[in-house]
Amino acid sequence: MTAPVLHVVGARPNFMKMAPLLEALARDPGGREHLLVHTGQHYDEHLNDAIFRDLGLRAPDVHLGVGSGSHAEQTARVMLAFERLVAERRPGLVVVAGDVNSTLSCCVVAAKACVPVAHLEAGLRSRDRTMPEEVNRIVTDRLTDLFLTPSPDADANLLAEGVAPSAIVRVGNCMIDSVQKHLPAARQSPVLARLGVERRGFFLLTLHRPSNVDEPERLARLVETLCELARRAPVIFPVHPRTRARLASLGLSFESLATARVHVLEPLGYLEFLALEDAASLVITDSGGVQEETTALGVPCLTVRDNTERPITVEVGTNTLVGSEPSALPPAVDAVLAGHGKRGQVPEGWDGHAGERAAAAIRTFLEIPRPGAAR
Ligand code: UD1
Ligand code: UDP
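A brief report on the enclosed structure follows. These numbers come from a predicted model, not from an experiment.

Quick notes on the overall build of the protein chain
Broken down by element type, the protein chain carries 17 helices and 13 strands. Scaling as 2.2 N^0.38, a compact globule of 375 residues should have a C-alpha radius of gyration of about 21 Å, and the protein chain matches this with 20 Å. Relative to its full complement of 375 residues, the protein chain shows a buried share of 59%. Considering only contacts within the protein chain whose residues lie at least 6 apart along the sequence, 70% involve residues at least 24 apart. Carbon and sulfur atoms form 54% of the exposed surface of the protein chain, whose accessible area is close to 15,100 Å². On the protein chain, the mean spot of the 39 positive side-chain charges and the mean spot of the 45 negative ones are 2 Å from each other.

Examining the nonpolar core
If you look at the biggest cluster of nonpolar residues, it comprises 59 residues, and the most contacted ones within it are L21, L148, F202 and L276. Among the elements that make up this core, the one with the highest residue count is helix α1 (residues 12–27) (8 residues). Excluding residues that lie within four positions of it along the chain, L148 makes contacts with A118, H119, L120, E121, A122, V169, V171, A358, A361 and I362. Ranked by size, the runner-up nonpolar core spans 28 residues in total, among them L229, V262, I284 and A332.

Brief notes about the site of ligand 2
In the vicinity of ligand 2, 18 residues are found, and the nearest of them are L268, S287, G288, G289 and E293. Between an oxygen atom of ligand 2 and a side-chain N or O atom of E293, the distance comes to 2.5 Å. Within the residue set of the shell around ligand 2, elements represented by two or more residues are α1, α13 (270–279) and α14 (288–297). Across the shell around ligand 2, the residue classes tally to 9 nonpolar, 5 polar and 4 charged.

Regarding the pairing of strand β8 (residues 203–206)
Consecutive residues of a regular strand have side chains that alternate between opposite faces of the sheet. The alternating pattern of β8 places F203 and L205 on one face and L204 and T206 on the opposite face, and all of these are buried. Summarising the sheet, β8 and strand β9 (residues 235–238) pair through 2 bridges and their orientation is parallel. Residue F203 lies in a different strand from β9, and its bridge partner there is V235. Of the pairings in the sheet, the one linking β8 to strand β11 (residues 282–285) comprises 4 bridges and is parallel in character. For L205, the partnering residue across the bridge sits in β11 and is I284.

A look at the site of ligand 1
The immediate surroundings of ligand 1 are formed by 17 residues, with H42, N101, E133, R209 and R242 found nearest. Y43 is positioned with one of its backbone polar atoms (N or O) 2.8 Å from an oxygen atom of ligand 1. Contact between ligand 1 and N101: an oxygen atom at 2.8 Å from a main-chain N or O atom of the residue. Protein burial of ligand 1: of its 740 Å² of free accessible surface, 85% is covered by the chains. Residues that form the shell around ligand 1 fall into these classes: 5 nonpolar, 8 polar and 4 charged.

So, the pairing of β11
Both faces of β11 are covered, namely the face carrying L282 and I284 and the face carrying V283 and T285. Pairing geometry for β11 and strand β12 (residues 301–303), over 3 bridges, is parallel. If you follow I284 over to β12, its bridge partner there is L302. Read from β11 through α14 to β12, the crossover connection turns out right-handed.

What counts, and where the lines are drawn
Residues numbered from 1 in each chain as written. Chains lettered and ligands numbered in written order. Predicted model: local features only at pLDDT ≥ 70, side-chain atom pairs only at ≥ 80, totals over all residues. Heavy atoms only, no water. Helix = DSSP H or I, 4+ residues; strand = E, 2+ residues; numbered from the N terminus. Rg over C-alpha atoms; globule rule 2.2 N^0.38 Å. Buried < 20%, exposed > 50% of the residue type's maximum accessible area, 1.4 Å probe, protein only. Contact = heavy atoms within 4.5 Å. Areas by Shrake-Rupley, 256 points an atom, 1.4 Å probe, with all protein chains shown as cover. Lys, Arg positive; Asp, Glu negative; His and termini not counted. Charge placed at Lys NZ, Arg CZ, Asp CG, Glu CD. Core = buried A, V, L, I, M, F, W, Y, C linked by side-chain atoms within 4.5 Å. Near = heavy atom within 4 Å. Polar contact = N/O pair within 3.5 Å; in protein donor to acceptor, adjacent residues only side chain to side chain. Nonpolar A, V, L, I, M, F, W, Y, C, P; charged D, E, K, R; others polar. Pairing = 2+ DSSP bridges. Right-handed = clockwise from strand over helix to strand, strands pointing away.

Take a look at the structure:
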């Protein structure tokens, strides 16, 4: 029996990246067993179950149930549980995705167990180490054996860090495979009618980066800005649990924030969220994935950050970095409403086939004998 491949997911943005790869491997497993491992970093109905359902992602084969905690607690708990799993299953490869704490933890465990690692969405860099995800990206890519990259900037970053060109495979963007697959169903969703908004007649907002929401004064000013923007058009704001907790500590509940023109909601399912992204006049966000999805959909995106690990969305796509100062938002919104929003183009390789290319790269990688590795 050949050694299995363990595919790790933990948090919401991992699910829509891993789904297309798993589908492609289910069609052609290359003679291997492919197991889906969920660390349990995200666990609630809105961040987890609803997204799995909408993506049609199969139930995990193994659930580590780690839950929330500080960075060290969460990272350590995933490492302890994943180390036991690796010792039991002796995988031939561990596949991690993106840049969340689960990605880092499982990569470190695999590397120390001498199990090769493939990193889906390797090579992205914001060059801002105050972002916990940048630390996760750097450490993961120091230990990765097979780099599955979404864009040329990622390849260039890896080459500049000394990665061998032969270890890099540009597969394109798996998250956009999920967008393409699910957009027709999303467009059938009744969510616009349910919220009483019209196509191109509202703004969609998401905020969850610690740099925006963990600093009370910044968050309070973002809330003021949100109320100012709502004078221009209704704002739909699905609230991440981190943000909800920080709003609560400012004494702000959903009820106190909601008005006729501000829809404050629980995080939405993938199909409803995609329907709103596709129909919004513009999207305001600090999410990584939303910057990419808006570029794929051709919808203007204003990113409330000073930098991005996804520069191609700015250089080629529809994304504009407005910076972290909330007062920069209203003029940026007005510019889009005046017709100056970026039209953008969809980057090469964001074509709905990234999962197939990643699966092919993994099958090829597994064919090469590696001394000491489980086969
Ligand atoms: C994590 C990722 C971030 C990613 C985001 C996607 C890290 C370091 N951060 O941030 O890169 O952009 O997910 O959404 O990995 N909580 C719940 N229910 C859940 C999960 C979390 O209520 O199912 C609450 C808990 O209070 C928890 C807080 O949200 O403490 C933060 O969760 P955590 O997974 O630590 O980080 P995120 O902010 O979700
Ligand atoms: N998303 C969702 N419901 C929401 C908000 C976002 O399904 O209410 C999806 C979004 O379409 C994208 C992914 O979640 O596919 C992005 O994840 P998130 O913003 O949590 O993390 P990041 O990409 O910033 O790491």
